[in-house]
Amino acid sequence: MRARMALLVADIAFDAHDVILRDKPAALLAASPKGTVPVLVLPDGQVLEQSWDIVQWALSHDQTSAEVQSWWSRAQTPDNLALLRCNDGDFKHHLDRYKYPERFTAEDSASAAATDRRVGHRDQAVAVLLERLEHRLAEQPFLGGAQPCATDFGIFPFVRQFAAVNPAWFETLPLWHVKRWLADWLQSPLFETCMHKLPSNFPELFPVPIKKSLVGWVAGNPTLNSL
Ligand SMILES: N[C@@H](CCC(=O)N[C@@H](CS)C(=O)NCC(=O)O)C(=O)O
């Protein structure tokens, strides 16, 4: 999602392929033998195999406008880099074990011990990332400050996954600013466009004409809804 959103922000047209992970297409493995998604193959044959590399390329390559580049530069502060590292590291670790407990235990995932471990991962996820996000977002509308940046759209899809495991419980958390930030992003045209459903095993030119509605993002809001 972060790779798609970066390409959309940068107004870069691309062919998108929906990959069924249990049946990876030969073309994916030929381009990138490690077989994870996303992978971006550039017109000159260069292959980008990590989502954040795709974000960087989309937002900071030579022909990118200053406005688009600012989405990248605001993500380069020590605070934002640390948040991204935490998201992709510790938070993802706990999220996976909270969301898919059966993948990480040989015993019955409904046993009392497994349930305790799962709750532990859930609470650790809140402690390592969500509380930090809450502090930051209490001070500013976006992780980018008054304007959003790549850190915002690099992280919110993971918070969305966390919230979706048990939405009623998530709602009870005193993370008012995180909930506001997440809700705004989920209603944004950028996310809506990013979520466009692709046909399976068939490449499709991804819909791009969202750019106009992204120009003029302002602080003070109604944040992303009016974009
Ligand atoms: N660090 C990588 C993580 C990529 C990753 O784990 N992708 C998952 C899907 S979100 C995947 O392809 N899993 C399939 C597999 O590992 O076989 C990135 O951000 O690009």
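This one's a predicted model, so the numbers in the text were calculated from it and none came from an experiment.

Here is what the cut-offs are and how they apply
- Residues numbered from 1 in each chain as written.
- Predicted model: local features only at pLDDT ≥ 70, side-chain atom pairs only at ≥ 80, totals over all residues.
- Helix = DSSP H or I, 4+ residues; strand = E, 2+ residues; numbered from the N terminus.
- Rg over C-alpha atoms; globule rule 2.2 N^0.38 Å.
- Buried ≥ 20, exposed ≤ 12 C-beta atoms within 10 Å, placed from the backbone.
- Contact = placed C-beta atoms within 7 Å.
- Near = placed C-beta within 6 Å.
- Nonpolar A, V, L, I, M, F, W, Y, C, P; charged D, E, K, R; others polar.
- Axes fitted to C-alpha atoms, helices over the stretch in contact; angles between N-to-C directions.
- Parallel < 35°, antiparallel > 145°, perpendicular 65-115°, else oblique.
- Left-handed = near helix turned anticlockwise from the far one by under 90°.
- Core = buried A, V, L, I, M, F, W, Y, C linked by C-beta atoms within 7 Å.
- Expected span 1.5 Å × (residues − 1).
- Bend = angle between axes of the 7 residues up to and from the residue.

Caption draft 1: Region of interest: the overall build of the chain. Helices and strands together make up the secondary structure of the chain, namely 11 helices and four strands. Taken against the 2.2 N^0.38 rule, which gives 17 Å for 227 residues, the C-alpha radius of gyration of the chain at 18 Å falls within 12% of a compact globule. Dimensions along the principal axes, computed over C-alpha positions, put the chain at roughly 55 × 45 × 30 Å. A buried classification covers 30% of the 227 residues belonging to the chain. Of the contacts formed within the chain by residues at least 6 apart in sequence, a portion of 68% connects residues at least 24 apart.

Caption draft 2: Local environment of unusual backbone geometry. The omega torsion of the bond from valine 37 to proline 38 falls at 5°, within 30 degrees of zero and hence cis. With respect to the helices and strands, the residue proline 38 is situated in the loop between helix 2 (26-31) and strand 2 (40-41). With a phi angle near 60°, aspartate 11 is a residue other than glycine that sits in the positive phi range. Following the sequence through the fold, aspartate 11 ends up in the loop between helix 1 (2-9) and strand 1 (15-16). Classification of aspartate 11 as partly exposed rests on a count of 16 C-beta atoms within 10 Å.

Caption draft 3: View of the site of the ligand. As a structural note, the neighbourhood of the ligand is formed by Leu21, Gly35, Thr36, Val37, Pro38, Gln50 and Ser51. Among the residues making up the shell around the ligand, the classes are represented as three nonpolar, four polar and no charged.

Caption draft 4: Region of interest: helix 3 (residues 51-60). Listed as buried for helix 3 are Ser51, Ile54, Val55, Trp57, Ala58 and Leu59. Of the surrounding elements, those touching the buried residues of helix 3 are helix 1, strand 2, strand 3 (47-48), helix 4 (66-73) and helix 7 (150-165).

Caption draft 5: Region of interest: the packing of helix 5 (residues 78-99) against helix 6 (residues 112-139). At a minimum axis separation of 8 Å, helix 5 and helix 6 run at an interaxial angle of 160°. The angle between helix 5 and helix 6 falls in the class roughly antiparallel. Crossing angle aside, the handedness with which helix 5 passes helix 6 is left-handed. Across the interface between the two elements, Leu83, Cys86, Asn87, Asp90, Phe91, His94, Leu95, Arg97 and Tyr98 of helix 5 pack against Arg118, His121, Arg122, Gln124, Ala125, Val128, Leu129 and Arg132 of helix 6. By residue class, the composition of the contact of helix 5 with helix 6 is eight nonpolar, four polar and five charged.

Caption draft 6: Region of the structure containing the environment of proline 101. By the element assignment, proline 101 lies in the loop between helix 5 and helix 6. For the pair proline 101 and histidine 121, spaced 20 residues apart in sequence, the C-alpha separation works out to 9.7 Å. If sequence neighbours within four positions are ignored, proline 101 has contacts with Ser109, Ala114 and Arg118.

Caption draft 7: Layout of the nonpolar core. Counting residues in each nonpolar core, the largest one holds 47 residues, and the members touching the most others are Ala6, Val9, Ile54, Ala58, Leu59 and Ala150. Of all the secondary structure elements, the ones that give two or more residues to this core are helix 1, helix 3, helix 4, helix 5, helix 6, helix 7, helix 9 (176-186) and helix 10 (189-194). The dominant element in this core, judged by the number of residues it contributes, is helix 7, at seven residues. If sequence neighbours within four positions are ignored, alanine 6 has contacts with Ile54, Val55, Ala58, Leu59 and Ala150.

Caption draft 8: Helix 5, seen in detail. For helix 5, built from 22 residues, the straight-helix expectation of 32 Å at 1.5 Å per residue is met to within 8% by its first-to-last C-alpha distance of 29 Å. In the structure, helix 5 departs most strongly from a straight axis at phenylalanine 91, where the bend amounts to approximately 45°. Listed in full, the buried residues belonging to helix 5 are Asn80, Leu83, Leu84, Asn87, Phe91, His94, Leu95 and Tyr98. Buried residues along helix 5 sit against helix 6 and helix 7.

Caption draft 9: Summary view of the environment of valine 159. Relative to the elements of secondary structure, valine 159 occurs in helix 7. Judged by the 24 C-beta atoms lying within 10 Å of it, valine 159 falls in the buried class. Placed 37 residues apart in sequence, valine 159 and histidine 196 show a C-alpha to C-alpha distance of 20 Å. In this structure, valine 159 is in contact with Val178 and Leu182, ignoring residues within four places of it in sequence.

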